[in-house]
Amino acid sequence: MADYAQIRTRRRRLLIVGAVVLVLALAAIIVPRALIKPQRVVVPSVEGLDPSTARSRLAEKGLTMTLGKPVFSATIEAGRVAMQDPKPGAATPLGSAVKVMLSGGAESLVVPDVVGMLLPEARLTVEHKGLMVQVVLARSEAPSQTVLSSDPAAGSPVATGDTVRLTVARGEDSSLL
């Protein structure tokens, strides 16, 4: 019986020592990871830069660059960075990727055909295309507020934000604007 008690005591000690070693091993792995937070960096602005310069600027901060889908931009030259994610000034983990979208240039549009429409409908049609409207009044036999012509003419290529001059029939009441 004494041998059985000794064996039982040894087993118990081995189980306790094994459990302690296991707990210490897990603690050695988990605790440092919980205490060490990844280093964060501030994302620089790369908007307006060519892709090569943008990639270099991001690499200086320890970031990488990925390309997203191109976007239209009336203000950023085609082939340059028009947008980025995360935005400039955001904090992000060191080594993370910044997605950049290159400009495809200004979206090409054509002037809609609004000749014969009344001014309110014509204005909405032109503005809906992303264009500005300038109204010029003219004497005409056409009904008041009828669009007589547009400059540029219908079908002409224009860029977002361009102005289309609508010549409109003037009636007795010239408060069309």
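The rules behind each value
- Residues numbered from 1 in each chain as written.
- Predicted model: local features only at pLDDT ≥ 70, side-chain atom pairs only at ≥ 80, totals over all residues.
- Heavy atoms only, no water.
- Helix = DSSP H or I, 4+ residues; strand = E, 2+ residues; numbered from the N terminus.
- Rg over C-alpha atoms; globule rule 2.2 N^0.38 Å.
- Buried < 20%, exposed > 50% of the residue type's maximum accessible area, 1.4 Å probe, protein only.
- Contact = heavy atoms within 4.5 Å.
- Lys, Arg positive; Asp, Glu negative; His and termini not counted.
- Charge placed at Lys NZ, Arg CZ, Asp CG, Glu CD.
- Polar contact = N/O pair within 3.5 Å; in protein donor to acceptor, adjacent residues only side chain to side chain.
- Patch = residues over 30% accessible without salt bridge, like charges linked within 9 Å, V, L, I, M, F, W, Y side chains within 5 Å.
- Areas by Shrake-Rupley, 256 points an atom, 1.4 Å probe, with all protein chains shown as cover.
- Salt bridge = Lys/Arg side-chain N within 4 Å of Asp/Glu carboxyl O.
- Pairing = 2+ DSSP bridges.
- Arc of directions from axis to C-beta.
- Core = buried A, V, L, I, M, F, W, Y, C linked by side-chain atoms within 4.5 Å.
- Axes fitted to C-alpha atoms, helices over the stretch in contact; angles between N-to-C directions.

Engineer: Sorry, what's going on with the overall build of the protein chain here?
Structural biologist: Assigned secondary structure in the protein chain consists of three helices and ten strands. Shown N-terminal to C-terminal, the secondary structure of the protein chain runs as helices and strands in the order α-β-α-β-β-β-β-β-α-β-β-β-β. For 177 residues, the compact-globule estimate of 2.2 N^0.38 gives 16 Å, and the protein chain exceeds it by more than 25% at 35 Å. By principal-axis analysis of the C-alpha atoms, the protein chain measures approximately 125 × 40 × 25 Å. Every one of the 177 residues in the protein chain was classed for burial, and the buried ones make up 24%. A fraction of 67% describes how many contacts in the protein chain between residues 6 or more apart in sequence connect residues 24 or more apart. The centroid of the 20 positive side-chain charges in the protein chain is displaced by 27 Å from the centroid of its 15 negative side-chain charges.

Engineer: Whenever I open this one, helix α2 (residues 51-60) confuses me. Can you help?
Structural biologist: Quick reminder: α-helices carry 3.6 residues per turn. Residues three or four places apart thus point the same way. At the N-terminal boundary of α2, the capping side chain belongs to aspartate 50, with an oxygen 3.2 Å from the backbone nitrogen of serine 52. Looking one or two residues past α2, glycine 62 carries a phi angle of roughly 80°, positive in sign.

Engineer: How should I be thinking about the environment of glutamate 121 in this particular structure?
Structural biologist: Counting through the fold element by element, glutamate 121 comes out in helix α3 (residues 119-128). Residue classification places glutamate 121 among the partly exposed positions, given a relative accessible area of 46%. Between the C-alpha atoms of glutamate 121 and arginine 80, which are 41 residues apart in sequence, the distance is 37 Å.

Engineer: Teacher, can you tell me more about unusual backbone geometry here?
Structural biologist: With the exception of glycine, most residues fall at negative phi, and the peptide bonds are largely trans. A cis geometry characterises the amide bond from aspartate 85 onward to proline 86, with omega recorded as 5°. Within the fold, proline 86 resides in the loop between β3 (81-85) and β4 (91-93). With an omega of 0°, the peptide bond running from aspartate 151 to proline 152 counts as cis. Relative to the helices and strands, proline 152 resides in the loop between β8 (147-151) and β9 (157-159).

Engineer: Hey, could you run me through a nonpolar patch on the surface in this one?
Structural biologist: On the surface, a cluster of nonpolar side chains totalling about 390 Å² of accessible area is made up of Leu22, Leu26, Ile29 and Ile30. Here leucine 22 shows up in helix α1 (residues 2-35).

Engineer: Is there a simple way to think about the pairing of strand β10 (residues 163-169) in this case?
Structural biologist: Here is the key point about a regular strand: its side chains alternate between the two faces of the sheet. When you tally the buried positions in β10, you get five out of seven residues, the bulk of the element. Taken together, the seven bridges between strand β7 (residues 132-138) and β10 define a ladder with parallel strand orientation. Residue pairing for β10: alanine 138 is matched across the bridge by alanine 169. By the bridge criterion, four bridges tie β8 to β10 in an arrangement that is antiparallel. Bridging across to β10, valine 147 finds its partner in valine 168.

Engineer: Would you take a moment to explain α3 for this structure?
Structural biologist: Within the span of α3, buried status applies to Leu119, Ala122 and Val126. Take α3 and look down its axis: the buried residues cluster within an arc of 65°, on one side only. Away from the buried face of α3 by more than 90 degrees, exposed residues Leu124 and His128 are located. Its buried side turned inward, α3 meets β7, β8 and β10.

Engineer: Is there a simple way to explain the nonpolar core in this structure?
Structural biologist: Grouped burial of nonpolar side chains is what soluble globular proteins tend to show. In this structure, Val114, Val126, Leu131, Val147, Val164, Leu166 and Val168 are the most contacted members of the largest nonpolar core, which totals 14 residues. The set of elements that each furnish at least two residues to this core consists of α3, β7 and β10.

Engineer: Any chance you could explain the sheet that holds strand β5 (residues 97-102) here in plain terms?
Structural biologist: Within a beta sheet, neighbouring strands are joined by backbone hydrogen bonds and run either parallel or antiparallel to one another. Read across the sheet, three strands follow the order β2-β5-β3 without closing on themselves; strand pairing throughout is mixed. The open sheet has two free edges, formed respectively by β2 (64-67) and β3, since each of these has just one partner strand. With direction set aside, neighbouring strand axes in the sheet form an average angle of 35°. In the sheet, β3 pairs with β5 via four bridges, with the strands oriented antiparallel. Bridged to methionine 83 within β5 is methionine 101.

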